[in-house]
Amino acid sequence: MEAVNPSSSRLFVSCAVDAKDDLEERFDRCFQLLQKLTSGLSEKESNDVLNSTISKDPRCHDEICIGLMVAVLLDPQSAAKSYRDLTLIARDGMNTVVQNLTQIAVERFSKLSEVVWHQLLWFTRELIRNSVNGVDILCWNVLRNISGGDVSPRNLAVAEYMLDVFMEYRAWLDKNSFLVASVVYTYLRLIDDHGGNHTQALAPLRQKEVTFTVSLLREKFNDCLVIGRDLVRLLQNVARIPEFESLWKDVYHNPKVLSPNFTGVQQLMQTRTSRRFLQSRLTPDMEKKIVFLTSNVRFGNHKRYQDWFQRQYLNTPESQSLRCDLIRFIVGVIHPTNELLCSDIIPRWAVIGWLLTTCTSTVAAANAKLALFYDWLFFEPEKDNIMNIEPAILVMFHSMRSHPAVTATLLDFLVKIIPNFYPALSEKVQAGIFASLKTILDKRVLPNLNPIFDNPKLDRELRVSVREKFKEFCAPIGADGNVKHEDFPHPSHPVLMDCSPVPISPSNNHDEPAFSDEDEEDVPLATKVKLKKSEDKKDNIEDAMAALEDDMRTELENLKSNDNETQCEAMERLVQLIIDDNADEETAPLLATCLCSVLRDQFENKLLPSDPLDENIEESIEKPLFVMFRNFAQMQDGNQNPRPLVQVLVEMSEKEPKVGYFLLYFLKASNLDGLKTVSSVSVLYEQYCKAMEKDLVNILLADMKLCQEDDRTLFVWLVPEVYQLFPSATQNNTELLHLLLEVVDANQMQLLICLVLQSKLVIFNTDTLVNVLKESLNWETFEQCCFWHLIEAHNIPVDDLMPILPELDFLKHAEALSSVMLFLKQERPSVDLLKNILIRTAKSTDFFVVSIMQYWIQDYEDKVADMVAGLLNKLSSSSPNKRKRGAGNKGPGPPSMEQILAHLDQLRIVSKHNPKFFLLDSMQRALQQVLATCTETQKKKFTDLLALAEELSPRGSGTGGRGTRKAASTAKSQSRTRPIPIPSESSEDSSEEEEIIKPKQAKKRKKATVVESD
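Residues numbered from 1 in each chain as written. Predicted model: local features only at pLDDT ≥ 70, side-chain atom pairs only at ≥ 80, totals over all residues. Heavy atoms only, no water.

Draft legend 1. Looking closely at the overall build of the chain. Helices and strands together make up the secondary structure of the chain, namely 55 helices and two strands. Counting every position in the chain, which comprises 1014 residues, the buried fraction comes to 54%. Excluding contacts between residues fewer than 6 apart, the proportion of contacts in the chain whose partners are at least 24 apart in sequence is 74%. Carbon together with sulfur atoms contributes 49% to the accessible area of the chain, which is approximately 45500 Å² in total. (Helix = DSSP H or I, 4+ residues; strand = E, 2+ residues; numbered from the N terminus. Buried < 20%, exposed > 50% of the residue type's maximum accessible area, 1.4 Å probe, protein only. Contact = heavy atoms within 4.5 Å. Areas by Shrake-Rupley, 256 points an atom, 1.4 Å probe, with all protein chains shown as cover.)

Draft legend 2. Region of the structure containing a negative patch on the surface. Residues Asp611, Asp614, Glu615, Glu618 and Asp673 make up a contiguous surface patch of negative charge. The topology assignment puts Asp614 in helix H33 (residues 614-620). (Patch = residues over 30% accessible without salt bridge, like charges linked within 9 Å, V, L, I, M, F, W, Y side chains within 5 Å. Salt bridge = Lys/Arg side-chain N within 4 Å of Asp/Glu carboxyl O. Lys, Arg positive; Asp, Glu negative; His and termini not counted. Charge placed at Lys NZ, Arg CZ, Asp CG, Glu CD.)

Draft legend 3. View of the pattern of salt bridges. Counted under the stated rule, the structure contains 39 salt bridges. Glu168 is paired through a salt bridge with Arg125; the nearest N and O atoms lie 3.0 Å apart. One end of the pair, Glu168, is in helix H8 (residues 153-168); the other, Arg125, is in helix H6 (residues 114-129), and 43 residues separate them in sequence. Taking the relative accessible area as the measure of exposure, Glu168 reaches 45% and is therefore partly exposed. For Glu936, the salt bridge is made with Lys939, and the minimal N-O distance between the two is 3.7 Å. Of the two residues, Glu936 and Lys939 are both situated in helix H51 (residues 936-941); the distance of three residues between them amounts to about one turn of the helix. By relative accessible area, Glu936 is classed as exposed at 58%. For Lys939, a relative accessible area of 28% puts it in the partly exposed group. Here the salt bridges share partners, and the residues they tie into one network are Arg229, Asp230, Arg233, Arg328, Asp375 and Asp384.

Draft legend 4. Up close: the nonpolar core. Of all hydrophobic cores here, the largest spans 172 residues; its most connected members are Phe166, Phe244, Ile393 and Phe470. No other element matches the 11 residues that helix H3 (residues 60-74) contributes to this core. When near neighbours in sequence (up to four residues on either side) are disregarded, Ile393 contacts Trp376, Leu437, Ile440, Val445, Leu446, Leu449 and Ile452. If you look at the next biggest cluster of nonpolar residues, it comprises 149 residues, including Ala544, Ile579, Leu625 and Ala949. (Core = buried A, V, L, I, M, F, W, Y, C linked by side-chain atoms within 4.5 Å.)

Draft legend 5. Region of the structure containing the confidence of the model for the chain. Of all residues in the chain, 83% have pLDDT values of 70 or greater, and the mean over the chain is 80. Segment residues 879-891 is flagged for pLDDT under 50; beyond a separation of four residues in sequence, or across chains, it makes eight contacts in the model. Below pLDDT 50 for its whole length, residues 952-1014 participates in 92 contacts with residues either more than four positions away or in separate chains. (pLDDT = per-residue confidence, 0-100.)

Draft legend 6. Quick peek at unusual backbone geometry. Unlike most non-glycine residues, Met94 shows phi in positive territory, near 70°. Take Met94: it is sitting in the loop between helix H4 (79-89) and helix H5 (95-107). Residue classification places Met94 among the buried positions, given a relative accessible area of 6%.

Draft legend 7. Structural context of the environment of Asp832. With respect to the helices and strands, Asp832 occurs in helix H46 (residues 831-838). Between the alpha carbons of Asp832 and Pro894 there is a distance of 8.6 Å; along the sequence they are 62 residues apart.

Draft legend 8. Local environment of the packing of aromatic side chains. Applying the stated criterion to the full structure yields 34 aromatic pairs. With centroids separated by 5.8 Å and ring planes inclined at 50°, the aromatic side chains of Phe629 and Phe666 adopt a geometry described as tilted. You can see Phe629 sitting in helix H34 (residues 624-634) and its partner Phe666 sitting in helix H36 (residues 659-669), a full 37 residues away along the chain. Residue classification places Phe629 among the buried positions, given a relative accessible area of 1%. Seen in terms of ring centroids, Tyr665 and Trp717 are 5.4 Å apart; in terms of plane orientation they differ by 40°. Their pairing is tilted. Here Tyr665, found in helix H36, pairs with Trp717, found in helix H39 (residues 712-725); they are 52 residues apart in sequence, far enough to count as distant. Residue classification places Trp717 among the buried residues on the basis of a relative accessible area of 17%. Each residue in the set Phe603, Phe626, Phe629, Tyr661, Phe662, Tyr665, Phe666 and Trp717 is aromatic and connected to the rest through ring pairs, giving one cluster. (Phe/Tyr/Trp six-rings, centres within 6.5 Å; stacked < 30°, edge-to-face > 60°.)

Draft legend 9. Local environment of the packing of helix H19 (residues 322-332) against helix H22 (residues 362-373). Orientation of H19 relative to H22, taken along the N-to-C sense of each, is 15°, at an axis distance of 8 Å. Between H19 and H22, the interaxial angle falls into the category roughly parallel. Of the two elements, H19 crosses H22, and the hand of that crossing is right-handed. On H22, the residues that touch Cys324, Ile327, Arg328 and Val331 of H19 are Asn367, Ala368, Ala371 and Leu372. In the contact of H19 with H22, the residues fall into six nonpolar, one polar and one charged. (Axes fitted to C-alpha atoms, helices over the stretch in contact; angles between N-to-C directions. Parallel < 35°, antiparallel > 145°, perpendicular 65-115°, else oblique. Left-handed = near helix turned anticlockwise from the far one by under 90°. Nonpolar A, V, L, I, M, F, W, Y, C, P; charged D, E, K, R; others polar.)

Draft legend 10. Structural detail: the state of the cysteines. For the structure shown, the criterion picks out zero disulfides. The structure places no disulfide on Cys30, whose sulfur is separated from the nearest cysteine sulfur, that of Cys65, by 9.7 Å. (Disulfide = S-S within 2.5 Å.)

Draft legend 11. Representation of helix H2 (residues 43-56). Its 14 residues place the ends of H2 20 Å apart at the C-alpha level, agreeing with the 20 Å of an ideal helix rising 1.5 Å per residue. Those residues of H2 that sit buried are Ser46, Asn47, Leu50, Thr53 and Ile54. Looking straight down H2, one finds that the buried residues subtend no more than 130° of arc, so they occupy a single side. In this structure, H2 carries Lys44 and Lys56 as exposed residues pointing more than 90 degrees from its buried face. In the core, the buried residues of H2 are packed alongside helix H1 (22-38), H3 and H4. (Expected span 1.5 Å × (residues − 1). Arc of directions from axis to C-beta.)

Draft legend 12. Looking closely at the side chain of Ser321. Mapped onto the elements of the fold, Ser321 is located in the loop between helix H18 (303-313) and H19. Judged by relative accessible area, which is 17%, Ser321 ranks as buried. The residues touching Ser321, leaving out its near neighbours within four places in the chain, are Gly149, Arg189, Asp193 and Ala364.

Draft legend 13. View of the packing of H8 against helix H11 (residues 203-219). Direction vectors running N to C along H8 and H11 enclose 40°, while the axes themselves pass 11 Å from each other. The pairing of H8 with H11 is recorded here as oblique in orientation. In the crossing of H8 with H11, the sense of the turn from one axis to the other is left-handed. Between H8 and H11, the contacting residues are Leu156, Glu160, Leu163, Asp164, Phe166 and Met167 on the first element and Leu205, Lys208, Glu209 and Phe212 on the second. Taken together, the residues that form the contact of H8 with H11 break down as six nonpolar, no polar and four charged.

Draft legend 14. Structural context of the environment of Leu608. Structurally, Leu608 is set in the loop between helix H32 (600-604) and H33. With a relative accessible area of 5%, Leu608 lands in the buried category. Sequence-distant contacts of Leu608, defined by excluding residues within four places in its chain, comprise Tyr665, Thr713, Leu714 and Trp717.

Dropping the structure here:
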């Protein structure tokens, strides 16, 4: 092995003041160790020394592997030799090397010297050539470093090299479905960049990209479906290219040509694009800086960061197309916590506003607006996230003062996109946008839309068109023909249900926050909002206090004390006054307004202690608000009427929605010992819901959803209590379950499973389980995995899972189908189970049925063969009319002859090197009977399968499978003397059981004949 000059061991380009960091020092240390061990040795001696060193000290394995990796990256001349040595030395399947290369691609790719990044690409190619595990992740991260909006030589070289690699090793690529989708997503985006002014210079590369991408889309469209709605957006950008124009025709008019599971554009548009695809179009460096800007930079200090980002990434005409990638990333990936939303950190809408207002290309501006509103078009509240539509409405709202033209162009775009996006689905688009606006109002992102839709700053013609399209969301028109502008609340911050809306006049625009690129006002938004909030609410509270009686005012003043004990005593007296005075409909709202203001700190502080021990939880409810709840609970056992107090609580919940889940917290915290009965605890919340005159299920879901958004830990802590208190409202409730699975982590999941096993948590019942199973198919992978863990913990019988089986697609529903497969793995084969799995349509890409059958055959070969033979014999001897009459019987109907033969044919193909299952006597006779009775079409279709009945000589039923060999001679001898029973024309479904049970009787008599031998 040749030594490399140690001075070359710096992998990264750096200036004189840059010091080596831990990663680079580690690489240098490993490289120097390699040189020390192999210096002056021949190739054979070097290999012997390295192997000997690793054998003596396994800890050196990773260091030597990394040293060889560095040698490959540094010296192209000896790279092949170093790589060969690495393949001989590595004992972990190259896992260490792949992980370190991936780390370089994620953290240091932009800093690699020219030689090193060339060698990194060569290294990746070699790893692909050898099909090393984990190299697909490395490829994905290398693809991320191909930046959009960048036609520099280096960026083009990386794009072309990776394209050539994927074309050369297409067979390897086809095995990695997610990487296929990522490659399509990446190159669809790059094709758009490589056109325009650079068409002639980049024509060969662009044509190669087009040809390869179209071939992937046509041949692996099923894999590309997972991209979702953003696949349509990217295909629109390249629709004028002839190859893509032809593809679009198939998408419109003949979608089944692309994939049997594809139904058209609507299917894609209703699938939310995964964050990983949106993330993939930003380089790791860009992502790091955007995340820093939206999570650490305060409003007022943002301008220099934005200027730097503009100079670094957005300073060329080509880079304008990057803005839509940035907007999609901010909208779909960056979802700040409520704590961050309430801070003075620059909000998402301000960053998006800056990207829109600094755009210099009309085409890029149109694409940026589409990227902003894209999730609106087919928005479904049950599947999509409110955080994906929040930035667009807030950009329009906050730009009205400083950038009214931005609001006008966005509104005009929103109006025109409905009929023009896809005319055939214009009603669906309108329904999606309406659902978005309704969700925005329901979640109180904005209290109403009048400031945007009916603002006098907008052009009259635009306001008319907006009113025509969105009449339901516009203010009513008065008798004088003018819009009735009611006082509308200004959002205290772009936050969901975290702060109460503050009423201001529409004319008070001088306090609205400006766009982030304006220099005139750098006052942090949070500061402005707090000032405005305190000024506007002060008068309302004083008016409410003045309208109350003196004794109530006195206790409210006492509640302002800093001493918790004094506050609790004041609340006790106030509650008694409410009961004694029988607070009426006029007093209750006034009291609620004052209490929400006085107790604001309680609502804003964290509820669940960081260390949730029983004593800490009990201490947490020694607060004034919980004094109200405690009195409410005590009234259930006494003679006092709780109605006045409940009315005040209802009025408080109108102004502060957190009251609902605070009550749920109190119910659990006050019964930690479990001494109270479920009915005595749940009745409090039921009375509260009854007083609100709303359905308990809806109120409970709203409270739990708000709790999940405010404090995920508290939400998960409350879930078991909620399921225990309200089983009829919660069991099989998909909305509540999805809320839980959206936020649960591994440790919390473990605790939930423990509670299920202890019978303290019941999430499912079998009545409507099928609906829950169907709904879960649309959830994220981690959510579905947790869901199936819970199903397993509940000991749900496998029979209750069978109704969903025909609807599960092997490629689209991998999580559910894998889980059902594992359930069936624990079961013994039975007639009903076999019928349920054989009813599935046989496909060459679906290995579910054949996998289950092969697993069962290992231990129950005779039984499976007899059951399959029984089904075939019944179908081949029964008339079609009789099968129709039997279809109405309870339980699953039998699969058709075509279905059984298709699955058996697939089983034959999979087990062609060991076809012993088909040698069994029962299978041979069944196949012979099928051959004698089936149609010519079936004979032609299953020629190879039915040929087994002619070509293979019969063997005993016990010649294959574990635990069946002793019965070989017995089964064989009995098969000669007693034929398989054939059901009569009048037999019912129960005859199927007889057909399968009768062959088993031969096994019961085998002890008497075991001495016989051939």
